[in-house]
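Working through the structure, step by step
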Amino acid sequence: MRGKLCFRRAFVLAPTLLRGDAEKHHYSKHHYSKHQHGNRLELTPMAKKQPPLIKIRNLSFSRGEKVIFDGIDVDIPHGKITAIMGPSGSGKTTLLKLISGQLMPQSGTVEVDGELIHELGTRQLYRLRMRMGMLFQSGALLTDLSVYDNVAYPLIEHTRLPRSMIRKLVLMKLEAVGLRGAHDLMPSELSGGMARRVALARAIALDPMMILYDEPFSGQDPISMGVLVSLIRRLNDAARMTSVIVSHDVHETASIADLIYVISEGRVIEHGTPEALMNSNKPWTRQFMLAQADGPVPFHHPAPSLEADFLGES
Ligand SMILES: Nc1ncnc2c1ncn2[C@@H]1O[C@H](COP(=O)(O)OP(=O)(O)OP(=O)(O)O)[C@@H](O)[C@H]1O
Ligand SMILES: [Mg+2]
């Protein structure tokens, strides 16, 4: 039954996704605000009425002595792209693991689509996870399987669709990321950017309600980054999906996010639209958003004076 639903929905979505190619210019930086005030306005009245898809309240999480979250609140709205940004080690990947139920809060709550993650049994959690597409930081493809088989894998695992339908769905997902022609290749024959797009096709194979992206732009050349930026925006808008992007690539993330949370040292420093954060009156946020090397976060790690180190004084 679920398989049938997936299949029907995918066909409904396909033309919109494919049409996106002709609309690429909408997603460039210069056209972004026009798009923002154009298409996305349609979504706003509904999004306002709906409670957030993900609601995090007073969440605390530590690893050993290290406090990673110290009572944070985060709301992820339906149908939007929300970015979680912060320096390396600030807990971005950990937050995605808490949202997807791979880790449990030590106190506070994570609620996804009305369900409290820590109250779910194994089967319920599994079912909820099937509705989340994940593109993890180290989310490598299965190296022994072809591109086609990598994308087919979740469909074979989780649905009872006949092979002929799976074939159509796989080709459609690959078409959506521009790689239908690469379906016979093995992962070792792909560039880093292509591999990430195949992983994205695999993440959307089951038509999830949301996608969690962990550092989707890292290690990509500027062209691949541009392709990924427009792909993420297009998938989000055409499929009415909710996207959560974790990243420290400020420029790319700010160019597509509707809402950004900046986290550091266990707390939410600030949240708002990219424009609001760029013009924040908090020096820390500005230093981060404008990628300045020095500011409230000093360039130098705390150290004794140079003389003391060079002359061996204590
Ligand atoms: N499995 C683990 N065991 C112990 N500590 C961990 C583990 N995973 C992460 N940490 C620690 O938790 C903190 C947050 O890690 P996390 O990976 O969430 O950071 P991040 O913001 O995603 O960093 P990056 O931008 O480098 O990916 C770090 O101090 C890290 O060392
Ligand atoms: Mg990380």
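Residues numbered from 1 in each chain as written. Chains lettered and ligands numbered in written order. Predicted model: local features only at pLDDT ≥ 70, side-chain atom pairs only at ≥ 80, totals over all residues.

A few points about the overall build of the protein
- Within the protein, the regular secondary structure consists of 13 helices and 10 strands.
- Residues counted as buried form 35% of the 314 residues belonging to the protein.
- In the protein, 66% of the contacts between residues at least 6 apart in sequence involve partners at least 24 apart. (Helix = DSSP H or I, 4+ residues; strand = E, 2+ residues; numbered from the N terminus. Buried ≥ 20, exposed ≤ 12 C-beta atoms within 10 Å, placed from the backbone. Contact = placed C-beta atoms within 7 Å.)

Describing the nonpolar core
- Membership of the largest hydrophobic core comes to 70 residues, with the highest contact counts inside it found for Val 151, Ala 201 and Leu 212.
- Setting aside its immediate chain neighbours within four residues, Ala 201 contacts Val 151, Lys 173, Leu 174, Ala 176, Val 177 and Leu 179. (Core = buried A, V, L, I, M, F, W, Y, C linked by C-beta atoms within 7 Å.)

Remarks on unusual backbone geometry
- We note that Asn 58 has phi near 50°; this positive angle belongs to a residue other than glycine.
- Along the chain, the position of Asn 58 falls in strand β1 (residues 54–63).
- Positive phi, close to 50°, is recorded for Asp 207, a residue that is not glycine.
- Inspection of the secondary structure puts Asp 207 in the loop between α8 (192–203) and β7 (210–214).
- Accessibility expressed as a C-beta count within 10 Å gives 19 for Asp 207, which makes it partly exposed.

What to know about the site of ligand 1
- The full set close to ligand 1 counts 13 residues, and Arg 63, Ser 88, Lys 92, Thr 93 and Thr 94 are the nearest of them.
- Going through the elements one at a time, β2 (66–76) and α4 (92–99) are the ones with two or more residues in the shell around ligand 1.
- Tallying contributions element by element places α4 first for the shell around ligand 1, with three residues.
- Of the residues assigned to the shell around ligand 1, the class counts are one nonpolar, nine polar and three charged. (Near = placed C-beta within 6 Å. Nonpolar A, V, L, I, M, F, W, Y, C, P; charged D, E, K, R; others polar.)

Points about the sheet that holds strand β5 (residues 115–116)
- Strand order in the open sheet made by the four strands is β2-β1-β4-β5, with antiparallel pairing throughout. At either end of the open sheet lies a strand with only one pairing partner, and these are β2 and β5.
- Both strand β4 (residues 107–112) and β5 contribute to a ladder of two bridges, which runs antiparallel. Of the residues in β5, the one forming a bridge with Glu 111 is Leu 116. (Pairing = 2+ DSSP bridges.)

Concerning the confidence of the model for the protein
- Mean pLDDT over the protein stands at 82; residues scoring 70 or higher make up 80%.
- Contacts for the low-pLDDT stretch residues 1–47, under 50 throughout, to residues beyond four places or in other chains number 45 contacts. (pLDDT = per-residue confidence, 0-100.)

Here's the deal with α8
- The terminal C-alpha atoms of α8 lie 16 Å apart, and with 12 residues this matches the ideal 16 Å at 1.5 Å per residue to within 8%.
- By the burial criterion, the buried members of α8 are Arg 196, Arg 197, Val 198, Ala 199, Leu 200, Ala 201, Arg 202 and Ala 203.
- Tucked into the core, α8 has its buried residues touching β6 (132–135), α6 (147–158), α7 (163–176), β7 and α9 (222–238). (Expected span 1.5 Å × (residues − 1).)

A look at the sheet that holds strand β10 (residues 267–272)
- Taken together, the six strands give an open sheet; going across it, the order is β6-β7-β8-β3-β9-β10, and neighbouring strands pair in mixed fashion. Looking along the sheet, the strands with just one partner apiece sit at the ends: β6 and β10. Here the average twist between neighbouring strands, direction ignored, is 15°.
- Of the strand pairs in this sheet, strand β3 (residues 81–85) and strand β9 (residues 259–264) are connected by four bridges, and their pairing is parallel. Among the inter-strand pairings, Ala 83 is bridged to a residue of β9, identified as Ile 260.
- This element, α4, spans β3, β7 and β8 (242–247) of the sheet and lies at about 155° to β7.
- Each of β6 and β7 is contacted by α8, which is oriented at about 165° to β6, the strand it contacts most. (Axes fitted to C-alpha atoms, helices over the stretch in contact; angles between N-to-C directions.)

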